[in-house]
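Per-entry structural report
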Amino acid sequence: MSFFTDDEAESLKKHLTRRSILTGAGQGALAIGGIMAMPLSAYAARRGAASSADGAAEITVDQAHQAPIPIVIPDFGAGMGTRISEVISADLSSTGLFQVMPGQVPAGAQPDFSALKASGARAAVAGSTTGTDSVRVEMRLWDVLAGQQLQGTAYTASESNWRRVAHIIADVIYQRLLGEQGYFDTRIAYVARTGPRRHQETRLAIMDQDGANSHILTSGQWLTLEPRFSPISQQIAFLSYFQNRPRVYIYDLNSGQQTILGTFNGISFAPRFSPDGSGVIMSVTTQNGGADIYRVDTATQSRIRLTNSGGVIDTSPCFSPDGQQIVFNSDRAGSPQLYIMSATGGNVRRISYGKGHYGSPVWSPRGDIIAFTRLNHGGFSLGIMNPDGTGERILTEGFTVESPSFAPNGRAITFCRQTASSSGGVGFTSTVAVIDVAGFNEHVIPTSTGASDPAWSPFRH
Amino acid sequence: MYNTILDSLSNKGLASVKGASLIQVKGAFSFDSLQSLPKVRNMKFKAFGILGLTLALAACGSSSDQKASVGEGVSQQSGPVPGSEADLVASAGDRIFFALAQNKLSSEARATLDKQIAWLQRYPQVNILIAGNCDDRGTEEYNIALGQRRSNAARDYLLAHGISANRISTISYGKDRPTVDGDNEEAWAQNRNAITSVR
């Protein structure tokens, strides 16, 4: 086993994300964030078949929505092995695309394919966990119907990284079976909320996408909202009311430092990074009761005004994934609606025409849809539409459902769900939830405090 | 619960009190006791949002009892100190209300602002902060701009009636610092406001 430079790991990573099969002794090892991944040889009897099984992922996400893939996830061993199996199972189950089945799959031999087939399984995982301080986790993914190994990898990591190993294994399973990159080894930035409804203490926070490993990043002294991940760096743009001057700041996850972004007389808010990470678009209030959209360069702090709307509110800007267009929220026609303009401003056209008010649009990283919040008769909906405004579909509703943010593969949306309060603030809850873009499967991410303003991270590996 | 006392010039925290005891005002409202803190006398202070100060003001604004003090220098027995926050509340009223999704000043709002103007002319040394707020029936982001639009509307009215721009600061809390609890038409109407406070 040998370690690689970042560049080498990067190129191997790209290799990993293709649908090729990592088997055989010819493959090298791969390091991700302190976790070593090394291919396992296929068993001799099947080596030939396995190495020609490219393109094994014939099931699409749409098909799996209709018929979740039955997959056996056995215990990876006592103690930590059990916990790893639980995390893998929870990840896969949370998508609604897998039907996780308990069962026995031998870690050191080919499984009994006919018995697995008889149980209804389409895929099966074998795994083992050894070691204490440095943990070695071996996993093999089997295509039960074809009787082939789809993946065989040994991961070595420090014990503290065990959850990440489990998420990476779940990502591999997702990718091998569905042909798309999984989103389990990702994080969600959010606002942790404590205290009474009328004066919530708000803190910038970050957690794994399943709610584990949450960390509070700021003190709670100042109202803090709207975190957004940089696509390229360990940075989060957010709104802080530091010294009662609400402005967009950058929080650096490595140093813990907060730096103001841009110099504006008005309130700057609703930040969103450009896809290449070189700039942040944001909304800035004006003296005449409106708000304009600006782009601020993260390196030079130079700014460009993209809208100049004379008293109307333009806010919640978000780039298309190719960086060519911006979707935003504006009340220029009298009520808040969704518009698209070119990334340099101009060529503005409205895309929302349903009943009620629209807000907080976000463009899918796949480019195919835009998620939004809609308000009608005092109730909130969370929906998606095509970028030309057609095909609007409501995914979920509630007293308040807002602040959508896409998983980096575009297949799920995290959002904030809040309940109404009565006198004394009783009944108010604020949670972060996840729903798939088909609207089939919604679940709340467990957090120890109230939570809002979720922002999904980019892929980590 | 923390209350941080801020120096009004540097905005740096001067004191932080954990678990400040709650006291009751006429049994209906409670706020964190600030009276026991050191250095409050002769120091302008702000308790961020409605914690402490604004809660106390809400108590004042919602009842006829103007004896509730918001800091040392105002005794429980005497009326509000001239030029103080409590005096503004008592003499003029500190808040105006807006219709749904609107920033238009109603005749009632203008009447309150007229009284604020007279009061500000009486105390030319006093600077104010106007905070715009919204009900929670809008998105977080849009409502920050809408709240600012409301505080701007109040500010513009004061400017048009001769109050100097350098005496007025504005801020918006969007829907994140509701003035009253509850989610019904009555509560929402009270949460669509612009609240003036002494800086």
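Please read these numbers as outputs of a predicted model, since none were measured by experiment.

Rules and cut-offs
- Residues numbered from 1 in each chain as written.
- Chains lettered and ligands numbered in written order.
- Predicted model: local features only at pLDDT ≥ 70, side-chain atom pairs only at ≥ 80, totals over all residues.
- Helix = DSSP H or I, 4+ residues; strand = E, 2+ residues; numbered from the N terminus.
- Buried ≥ 20, exposed ≤ 12 C-beta atoms within 10 Å, placed from the backbone.
- Pairing = 2+ DSSP bridges.
- Contact = placed C-beta atoms within 7 Å.
- Nonpolar A, V, L, I, M, F, W, Y, C, P; charged D, E, K, R; others polar.
- pLDDT = per-residue confidence, 0-100.
- Core = buried A, V, L, I, M, F, W, Y, C linked by C-beta atoms within 7 Å.
- Domains from an automatic or database assignment.

Time to look at unusual backbone geometry. Residue and element names in this part refer to chain A. For Q301, which is not glycine, the phi torsion reads 65° and is therefore positive. For Q301, the location among the structural elements is in the loop between β17 (291-297) and β18 (303-305). A positive phi angle, close to 55°, is found at N347, a residue other than glycine. By the C-beta count within 10 Å, which is 10 here, N347 ends up exposed.

It is worth spelling out the sheet that holds strand β20 (residues 325-330) of chain A at this point. Residues and elements named next belong to chain A. Spatially, four strands are ordered β19-β20-β21-β22 in an open sheet, and the strand pairing comes out antiparallel. One side of each edge strand has no neighbouring strand; the edge strands of this open sheet are β19 (314-319) and β22 (349-350). In terms of strand pairing, β19 meets β20 through four bridges, oriented antiparallel. Bridge pairing links F319 to I326 in β20.

Right, let's get into the interface of chain A and chain B. Contact residues are listed per partner, giving 39 residues for chain A and 31 residues for chain B. In terms of residues, the side of chain A that touches chain B owes the most to one element, strand β27 (residues 400-406) of chain A, which gives three residues. Taken together, the residues of the side of chain A that touches chain B sort by class into 12 nonpolar, 23 polar and four charged.

Let's shift gears to the confidence of the model for chain B. Residue and element names in this part refer to chain B. Averaged over all residues, the pLDDT of chain B equals 73, while 61% of them reach at least 70. Low pLDDT, under 50, characterises residues 1-75; the predicted model gives this stretch 119 contacts beyond four residues in sequence or across chains. Model confidence for the complex: the whole-complex pTM is 0.83, and ipTM, which rates the interface, is 0.90.

Time to look at the pairing of β27(A). Side-chain positions along a regular strand alternate between the two faces of the sheet. Residues and elements named next belong to chain A. In terms of burial, β27 is a largely internal element, seven of the seven residues being buried. Judged from the five bridges that link them, β27 and strand β28 (residues 412-418) form a sheet pairing that is antiparallel. Residue V401 lies in a different strand from β28, and its bridge partner there is R417. Hairpin remark: β27 followed by β28, antiparallel, with five residues in the connecting loop; positive phi at G410, about 75°.

Looking now at the nonpolar core. All names here are of chain A. Counting 148 residues, the largest nonpolar core has I71, A124, V125 and V165 as its most contacted members. Among the elements that make up this core, the one with the highest residue count is helix α6 (residues 162-178) (11 residues). Excluding residues within four positions of it along the chain, I71 makes contact with L92, F98, V100, M101, A121, R122, A123, A124 and V125.

This next bit is on the domain arrangement of chain A. Residue and element names in this part refer to chain A. Segmenting chain A into domains produces domain 1 (6-178) and domain 2 (187-456). Centre-to-centre separation of domain 1 and domain 2, based on C-alpha positions: 35 Å. With eight residues of domain 1 at the contact, the number on the domain 2 side is 10 residues. Those elements that place two or more of their residues in the side of domain 1 that touches domain 2 are α3 (61-66) and α4 (80-94).

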